[in-house]
Each structure stands twice: as structure tokens, then as C-alpha cells.
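The chain contents come next:
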Amino acid sequence: MTWHETIAYIRQQPEFANLVQLAYFDADLPANVSRFAATSEFLETKKLLQKFAPNGKKLLDIGAGNGVSSVNFALLGYEVTALEPDLSDTVGAGAVALLKQHYNLSNLEIVSDYAENIAFPKDYFDIVYIRQAVHHAHDLTQFIAQAARVLRPGGLLLTVRDHVIWDEKDKQWFLENHPLHKFYGGENAFQLSEYQQAMKNAGLEIRHSFAHFDTAINYFPANGELIERSRPHQKTIESWENGVLIKIPFLNRLVRRYVFSRYGKRFDEKQIAGRLYSFVAIKK
Ligand SMILES: C[S@@+](CC[C@H](N)C(=O)[O-])C[C@H]1O[C@@H](n2cnc3c(N)ncnc32)[C@H](O)[C@@H]1O
């Protein structure tokens, strides 16, 4: 099966209903857009764009899929180009075109191609955003080099939610655990150093490498409050700030130790097959 055939298939299978919702694969395309807009992932994404590209206007979304990010960026007023090689109305450029029409977006362009072949001139975009697509690169070095080439100096490359593996054995574990790989065989992942090296080779300065539990961008839809409380070295428990416990350091430590012993393992990224990473990089 191809990628879009896989999505059309799982939409019909009740056991995949939760995944269809969580991955924005619903046949109701505007519903996916609204659901994504309301997530803590998108909220944190907007904060990063504000911080690292406060004046950014021209945004390229590589591997845009069915357009949940592209459309939301366009609704926020960015001049968006969605680059997506898949043409389908299910999870590809066809779906983005339907949404462009639905929301009447004159500030959203759609180009069907692979990142490795981007045809835009150099220094063209203020922001290149890539969600869950870098790990699909045929050629990681070329993929990132092209993303960097079309970015203006000082521009922001924000790649989010890419799978990281430690070694070949870890990669096998990830592929065996991926819910859709068995249908379409297109999953992949790289080592952390491979992503970072590709960015350095492309003349990018990495400002942040966010590990799986460092940001809601990666761990959404997991419970952020529980994750924060389960950190072993966290100094304060923010959500207790208005309560009594925060004022009693001894009790505070006990609570933290209890939460860590109970949930620490669950929030250890080593326990997650193909844990997700995000990167903030600036073109020099
Ligand atoms: C997991 S989907 C993510 C889609 C979308 N960014 C999202 O977050 O919903 C990965 C997307 O990357 C696209 N893709 C795969 N290889 C690519 C490449 N070399 N260049 C650009 N896009 C690619 C696929 O067609 C697919 O739509």
C-alpha cells in the first residue's frame, strides 16, 4: 500500500480511530486543522516562531502532508508555501488545495515536490518549518542543505517531531513498533548526531535540540503536568505554587520523589521507540 492508501484504509478500521484523531488523518479536513490549532504543540510552536523569527513572513512548510500546519500558519497571516510530494486528497497536496479553497486563503501556495529538489531561489524564505518529515529524507544532507539554501541569512529552520534512534538495533525496535510501517513500509529514523551534522554542514547554527520530554511539541498528547512533576532535578513544582506544599521544601521533595519513582520510567525517552526530537536552527 502507498502512504495515502494506508490512511484511507485505517480510516475504516475501528482499532485505528484514536490514531486517526491524534495524527489529524480524519476525512473531515477542516476538523483536523481546528484540532491541531488547539494543541499545546501548536501553542509552543507559535512561541518559538515569535522568539526566533518575530518579523518572519514568508514561511515554507516542507512535507506539509494534508496541510494542518500550513493552513494554520496561513490563518495566522504568514505567506505560506506548502511543499508536499504526495498529490492525494487524503494526506497530500490535494488535501491542502481543498483546504485552501475551504478557507479562501490567497496567502497559501502549494508546490508538489521533494525537499531534495526545492526549486525556490536562495535566501527566499524567513522561516522553514518541517513537521515529522525530515526523518523521511532520501538524502538527509541534501534535504537539510536545500532547506537551508532557500532560507535567508538569520532565518529560522524549525524541524519538529523527528524520530531519533541510537543504533541499528534501536531502529529495528522502532520500525517493529510503528503502527503503520507494516502497511506502507516507508518509515525511517536517524541518529541525533546525523540530524545535527546535516544542519551544521548546511551552515546552520543549532540553538536548541529538544529531546522527547523537553517540550510539548514532542511529547503532545502526553500529560505535560505529570511530565514536569516526574523530572528528578526539577527545583519547584509549578502547579503547586499557589498551594501549601511549595512552602514546605521537605514535603515538596517527598512528592517529587514519589512522582519520579512512580512515573519516571514512563517518561524516560529510552523507553520510547523512535522518540521524537525538534530543532531550532538559524542560518548564519
Ligand atoms: C508524517 S507526514 C507529516 C505531514 C505533515 N507535516 C504533518 O505534520 O501532518 C510526512 C510527510 O513528508 C512527506 N515527505 C516524505 N519524504 C519527503 C521528502 N523527501 N521531501 C518532502 N516531503 C517528504 C510525505 O509525503 C508526508 O506527507
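Before reading on, note that the structure itself is shown above.
Conventions we followed
- Residues numbered from 1 in each chain as written.
- Predicted model: local features only at pLDDT ≥ 70, side-chain atom pairs only at ≥ 80, totals over all residues.
- Heavy atoms only, no water.
- Helix = DSSP H or I, 4+ residues; strand = E, 2+ residues; numbered from the N terminus.
- Rg over C-alpha atoms; globule rule 2.2 N^0.38 Å.
- Buried < 20%, exposed > 50% of the residue type's maximum accessible area, 1.4 Å probe, protein only.
- Contact = heavy atoms within 4.5 Å.
- Near = heavy atom within 4 Å.
- Polar contact = N/O pair within 3.5 Å; in protein donor to acceptor, adjacent residues only side chain to side chain.
- Areas by Shrake-Rupley, 256 points an atom, 1.4 Å probe, with all protein chains shown as cover.
- Nonpolar A, V, L, I, M, F, W, Y, C, P; charged D, E, K, R; others polar.
- Phe/Tyr/Trp six-rings, centres within 6.5 Å; stacked < 30°, edge-to-face > 60°.
- Lys NZ or Arg CZ within 6 Å of the ring centre and 35° of its normal.

**Some details on the overall build of the protein chain**
- A tally of regular secondary structure across the protein chain gives 13 helices and 7 strands.
- Taken over C-alpha atoms, the radius of gyration comes to 20 Å for the protein chain, in line with the 19 Å a tight globule of 284 residues would show.
- Taking the principal axes of its C-alpha atoms as reference, the protein chain extends roughly 60 × 45 × 40 Å.
- Within the span of the protein chain, comprising 284 residues, buried residues form 50% of the whole.
- Here the analysis covers contacts within the protein chain between residues at least 6 apart in sequence; of these, 74% occur between residues at least 24 apart.

**Focus: the site of the ligand**
- The environment of the ligand is made up of 16 residues, and the closest members are Gly63, Glu84, Ala115, Glu116 and Arg131.
- Note that a nitrogen atom of the ligand is positioned 2.8 Å from one of the backbone N or O atoms of alanine 115.
- Between glutamate 116 and the ligand, the recorded distance is 2.9 Å, taken from a side-chain N or O atom to a nitrogen atom.
- The protein chains hide 90% of the 590 Å² of surface that the ligand would expose on its own.
- Split into classes, the residues belonging to the shell around the ligand amount to 8 nonpolar, 4 polar and 4 charged.

**A few points about the packing of aromatic side chains**
- Overall, the coordinates contain 16 aromatic pairs when judged by the stated rule.
- Pairing phenylalanine 73 with tyrosine 129 gives two aromatic rings, centres 4.8 Å apart and planes at 80°, and the pair type is edge-to-face. Here phenylalanine 73 is found in helix H5 (residues 68–75), whereas its partner tyrosine 129 is found in strand E4 (residues 125–131), with 56 residues between them in sequence.
- By relative accessible area, which is 0% here, phenylalanine 73 ends up buried.
- Judged by relative accessible area, tyrosine 129 falls into the buried class, the value being 0%.
- Seen from their ring centres, phenylalanine 120 and phenylalanine 125 are 5.1 Å apart, and the 70° between their planes marks the pair as edge-to-face.
- Here a set of aromatic residues connected by ring pairs shows up, and it is made of Tyr24, Phe36, Phe42, Phe73, Tyr78 and Tyr129.
- The lysine or arginine in question, lysine 58, covers the ring of tyrosine 124, its NZ or CZ lying 4.2 Å from the ring centre.

**Focus on the side chain of serine 70**
- Structurally, serine 70 can be placed in helix H5.
- Beyond its immediate stretch of four places on either side in the chain, serine 70 contacts Asp61, Ala64, Val80, Ala82 and Leu108.

Function cannot be read off these values alone, since they describe shape.
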